[in-house]
Amino acid sequence: MNRHGFTLIEMVVSLTLVSLVAAAVGGVVVTVQRFYREQAERAAISANLREGVSALEMDLRGLDAVDSLGSELIRMEQTSLTVMVTRSVSFLCESPDLTRSQLKIGRKPILGLRLLDPARDSLLIWARAGADSQPDNVWLRADVHSVSYGRVCPGNSPGIAVGLGGVSATELAGARLGTVVRAYQQIRYLLYRSADGRWWLGAREWKKGLGWTTTQPIAGPLALRGLRFKYFDATGSQTARPERVVAIGVTLVGVGTSRVKRALGGAEVLQDSLITLIALRNNPRR
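Residues numbered from 1 in each chain as written. Predicted model: local features only at pLDDT ≥ 70, side-chain atom pairs only at ≥ 80, totals over all residues. Heavy atoms only, no water.

If you look at the biggest cluster of nonpolar residues, it comprises 29 residues, and the most contacted ones within it are Leu73, Leu81, Phe229 and Ile248. Residue contacts for Phe229: discarding those within four places in its chain leaves Leu56, Glu77, Gln78, Thr79, Ser80, Leu81, Tyr189, Ile248, Gly249 and Val250. Grouped together as the second largest cluster of nonpolar side chains are 18 residues, Leu92, Val144, Ala175 and Val181 included. (Core = buried A, V, L, I, M, F, W, Y, C linked by side-chain atoms within 4.5 Å. Buried < 20%, exposed > 50% of the residue type's maximum accessible area, 1.4 Å probe, protein only. Contact = heavy atoms within 4.5 Å.)

Written out as structure tokens, the structure reads:
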């Protein structure tokens, strides 16, 4: 009887071919997985950098370096920047109470991130510089001593009564109904190292009587020298004088959170960078 089957040589050849195909498929799968892991890591780094730049742009674009009261750029360094950041914009619902040095601000509209905080905020009040016949207006700088909420505006409408300090009655008399009031606070942006040894873009707030708060992370992790500020004047040259700054260059260099294996062996931490130029308000440009 004629029996059909496989010889030993045929079986060895078949197994060899199957092994080669499986190895090739496995290699493709590993390569594809490595590619997707790398792209996901790069996307995460890019998202972190965009988030950090967006946070800086939101605050820095509103800065004025040439105001008569002094630059809102308080301290300029390569890896840190201390500024006066606007946190809300509101309007007087009636003329100031000069006797008590008090403002009444309407609750609607108040534009910005939050309501007034006496522990953190100071005020800029738009007012006439002198007599009514003089058209020039200036910003008055004042401390916030107290804040109380209630129906303090005309018509029993909701508002905020703000007790002031650091401004005279003569100066305050230049403010009128509808005057713009800006609440600002000191913020320091910096490159700092966390307890786990990684570097981050962070921010500190200044609190009256307490000093700087604990640094809070904004974006990261960053490279060792992953944050750089540059300060440019109207000619495009770098300057160390705050009153001459018209734009701030920001460089962020982000790194991945894990090591990515390379095709030729070994592993590395991925790195990417984002550079932007932020123009300030009110500053003369070339």
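This part is about the packing of aromatic side chains. The geometry of two aromatic rings is summed up by the distance between their centres and the angle between their planes. Under the defined criterion, the tally for this structure stands at three aromatic pairs. Ring plane angle 75° and centroid distance 5.3 Å describe the contact between Trp206 and Trp212, whose orientation is recorded as edge-to-face. Trp212 gets classed as partly exposed once you look at its relative accessible area, which sits at 25%. Consider the rings of Phe229 and Tyr231, whose centres lie 6.5 Å apart with planes at 25°: the pair is stacked. The cationic tip of Arg182 hangs over the ring face of Trp139; the distance from NZ or CZ to the ring centre is 5.3 Å. (Phe/Tyr/Trp six-rings, centres within 6.5 Å; stacked < 30°, edge-to-face > 60°. Lys NZ or Arg CZ within 6 Å of the ring centre and 35° of its normal.)

To continue, consider the side chain of Arg87. By secondary structure assignment, the location of Arg87 is in strand β2 (residues 80-91). Residue classification places Arg87 among the buried residues on the basis of a relative accessible area of 9%. In terms of polar contacts, Arg87 uses its side chain to reach the side chain of Gln185, at 3.0 Å. Non-local contacts of Arg87, meaning those with residues more than four positions away in its chain, are made with Asp59, Leu111, Gly112, Leu113, Arg114, Ala183, Tyr184, Gln185, Ile187 and Tyr189. (Helix = DSSP H or I, 4+ residues; strand = E, 2+ residues; numbered from the N terminus. Polar contact = N/O pair within 3.5 Å; in protein donor to acceptor, adjacent residues only side chain to side chain.)

Looking now at the state of the cysteines. Any covalent bond linking the sulfur atoms of two cysteines counts as a disulfide. A full pass over the atoms with the stated rule returns one disulfide. The partner cysteine of Cys93 in its disulfide is Cys153, sulfur to sulfur 2.1 Å. Where Cys93 bonds to Cys153 through sulfur, the torsion about that S-S bond is close to -80°, and the disulfide is left-handed. Taken together, the residues span a long stretch of sequence, with Cys93 in the loop between β2 and β3 (102-106) and Cys153 in strand β6 (residues 137-153) at a distance of 60 residues. Judged by relative accessible area, Cys93 falls into the buried class, the value being 15%. For Cys153, a relative accessible area of 6% translates into the label buried. (Disulfide = S-S within 2.5 Å.)

Keep in mind that these numbers describe shape and distance, not what the molecule does.
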